[in-house]
Amino acid sequence: MTPSRSRPARALLALSALLALALTACGEATEQTSAAPRQGGGAGAAPAPTTTAPTGTALRVETVAGDLANPWDVAFVGGDRMLVTQRDGSLSLVTGLGAGARVTPVTADLQDVYARGEGGLMGIAAAPDVATSGTFVTCQTHQEGGRPVDVRVVSWRLSPDGTRAEKVRDPLVGGLPINPSGRHSGCRPTYAPDGALLVGTGDTARATIPQDRNSLGGKVLRVDPQTGGPAPGNPFATSGSASERLISGYGHRNVQAVAVQPGTGRAWSAEHGPDIDDEVNVVVPGANYGWDPARGGESPGGYDEDVPMTDLDRYPDAVPAAWSSGDPTEAISGAAFLDGPAWGDMAGMLAVSAQRGEKLLLMRPGQGADEGRIVEVTAPAELDGEFGRLRGSRLGPDGALYLTSDNGSDDVILRVTRG
């Protein structure tokens, strides 16, 4: 494994993390300082116990690239190349999947990115045929004349040499709500094996949005990546509302990632709670996940975060969480399933990055009677507090897990393998 950083380096990391938190409007699931009692229902799943010993064996952690600022996500674009988004609106090409990789800027029209708080240039996903088509999509906050307009998904084409990217559809999907502070912006896209584009979105800290199926905020969307319309088989496909036709699930607070489980095709989402109860959820088409800070319309003017993340009293049919962090939150972010023989008994675990917790959480889904639940959570020591806040989590074409740190300066891309 990579040696731990020195005490001074770790102190600087901690200071950078504190500064990043101070500059972020909502603090990404850290805006509350104490856990208020929840009213009106339970939060669903009890937290699975978290162990600190790695499952099976140690991990090997390598730094692929450094000197980045808030790298949000990575996408693999063929060969040994990946694209990395930085929240300020920078797009870079990383050549090499190991230590000493070369980072070069990609020329792209990103002047309209509104970078504030949690908003900016966020998630990125490469199309399955990216090696030949050059197609990828980004999630980004959009401004016009300095005024925030929306959060949108934009499709792009990368030049063969990786030096330029041109917009293909802007927006592919537009009209996702935006908060001028950037709060609860979401937003990470993932291609599913059936060809659909899955997009997790945030509720922008507005009370009525999560339960409003005419709004794209606080949802998991399922989109046709060619047209930006609803993917075939969407649960509300016959709705008269164009927004509702895109929705797979609703009643979310701030979805940070959607990952597809190998072998099952089942999608899982990772979501920020307020001061308690980050959630990992199984994506069930048409389902309500029970977040309602408007209390069914009783407090539409205020954003009441004392409600449960999954309000089973108000919404008895809401889907309980597969895993909930309890108190305190970890501010979970990226999520990717480990896959391939090199992972041994870790294969099949969901690798979830945490910002506030500054760790990686490895979660094992249950089987049989426990299907749809997380039954084991491990926090490997090699990634527990060693690199500060962890943001992105993606599985590479080489089978390794790639993570990004999110401390605001001197950020890194990490390559993680079984030691």
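Refer to the structure printed above.
Residues numbered from 1 in each chain as written. Predicted model: local features only at pLDDT ≥ 70, side-chain atom pairs only at ≥ 80, totals over all residues. Heavy atoms only, no water.

Participant: What is the right way to look at the state of the cysteines in this model?
Facilitator: Think of a disulfide as a covalent bridge from one cysteine sulfur atom to another cysteine sulfur atom. Here the structure, examined in full by the defined rule, presents one disulfide. Here C139 is linked by a disulfide to C187, with a sulfur-sulfur distance of 2.2 Å. On the sign convention where negative is left-handed, the bridge of C139 and C187, at about -45 degrees about the S-S bond, is left-handed. With C139 in strand 8 (residues 135-144) and C187 in the loop between strand 10 (165-176) and strand 11 (188-191), the pair connects residues that are 48 residues apart, well separated along the chain. Judged on exposure class, the residue C139 and its partner C187 are both buried. (Disulfide = S-S within 2.5 Å. Helix = DSSP H or I, 4+ residues; strand = E, 2+ residues; numbered from the N terminus. Buried < 20%, exposed > 50% of the residue type's maximum accessible area, 1.4 Å probe, protein only.)

Participant: Is there a simple way to think about the pattern of salt bridges in this case?
Facilitator: Side-chain pairs of opposite charge can arise whenever the charged atoms involved come near each other. With the rule as written, the count across this model stands at 24 salt bridges. Linking D73 and R394 is a salt bridge whose minimum nitrogen-to-oxygen distance equals 2.9 Å. One end of the pair, D73, is in strand 3 (residues 71-76); the other, R394, is in strand 23 (residues 390-395), with 321 residues separating them in the sequence. Taking the relative accessible area as the measure of exposure, D73 reaches 0% and is therefore buried. For R394, a relative accessible area of 12% corresponds to the buried category. Note that K167 is salt-bridged to D109, the shortest N-O span being 3.9 Å. With a gap of 58 residues between them, K167 in strand 10 and D109 in the loop between strand 6 (102-105) and strand 7 (121-126) connect regions that are remote in the sequence. A relative accessible area of 41% means that D109 is categorised as partly exposed. By sharing partners, the salt bridges in this structure join D109, D112, D150, R152, K167 and D170 into a single network. (Salt bridge = Lys/Arg side-chain N within 4 Å of Asp/Glu carboxyl O.)

Participant: How should I be thinking about the pairing of strand 16 (residues 267-271) in this particular structure?
Facilitator: Successive residues of a regular strand alternate their side chains across the two faces of the sheet. For strand 16, the buried fraction is high: five of the five residues fall into the buried class. Side chains A267, S269 and E271 project from strand 16 onto one buried face, and the interleaved W268 and A270 project onto a second face that is buried too. Two elements, strand 15 (residues 255-260) and strand 16, share five bridges in a ladder whose sense is antiparallel. The residue of strand 16 that forms the bridge with V260 is A267. The turn linking strand 15 back onto strand 16 is made up of six residues, and G263 within it adopts a positive phi angle of 90 degrees. Bridge count for strand 16 against strand 17 (residues 279-282) is four bridges, and the pairing is antiparallel. Looking at the pairing, W268 lines up with V282 of strand 17. (Pairing = 2+ DSSP bridges.)

Participant: Mind showing me how you'd approach the sheet that holds strand 10 here?
Facilitator: Taken in spatial order, the four strands of this open sheet run 7-8-9-10, and their pairing is antiparallel. Strand pairing shows two members of the sheet lacking a second neighbour, strand 7 and strand 10, which therefore form its edges. Taken over all neighbouring pairs, the strand axes of this sheet differ in orientation by 25 degrees on average, direction set aside. Bridge count between strand 7 and strand 8: four bridges; the pairing is antiparallel. Bridging from a neighbouring strand, A126 pairs with F136 of strand 8. (Axes fitted to C-alpha atoms, helices over the stretch in contact; angles between N-to-C directions.)

Participant: Looking at this structure, how should I read the environment of T417?
Facilitator: With respect to the helices and strands, the residue T417 is situated in strand 25 (residues 411-418). Apart from the residues within four sequence positions on either side, T417 is in contact with L59, R60, W343 and A400. (Contact = heavy atoms within 4.5 Å.)

Participant: Please clarify how the sheet that holds strand 25 should be interpreted in this entry.
Facilitator: The strands that make up a sheet are held in pairs by hydrogen bonds between backbone atoms, and each pair lies either parallel or antiparallel. Spatially, the four strands line up as an open sheet ordered 2-25-24-23, and their pairing is antiparallel. Strands with a single pairing partner mark the edges of an open sheet, and in this sheet they are strand 2 (59-68) and strand 23. Strand after strand, the sheet turns through a mean of 20 degrees between neighbouring axes, direction not considered. Pairing between strand 2 and strand 25: seven bridges, direction antiparallel. Residue pairing for strand 25: V61 is matched across the bridge by V416.

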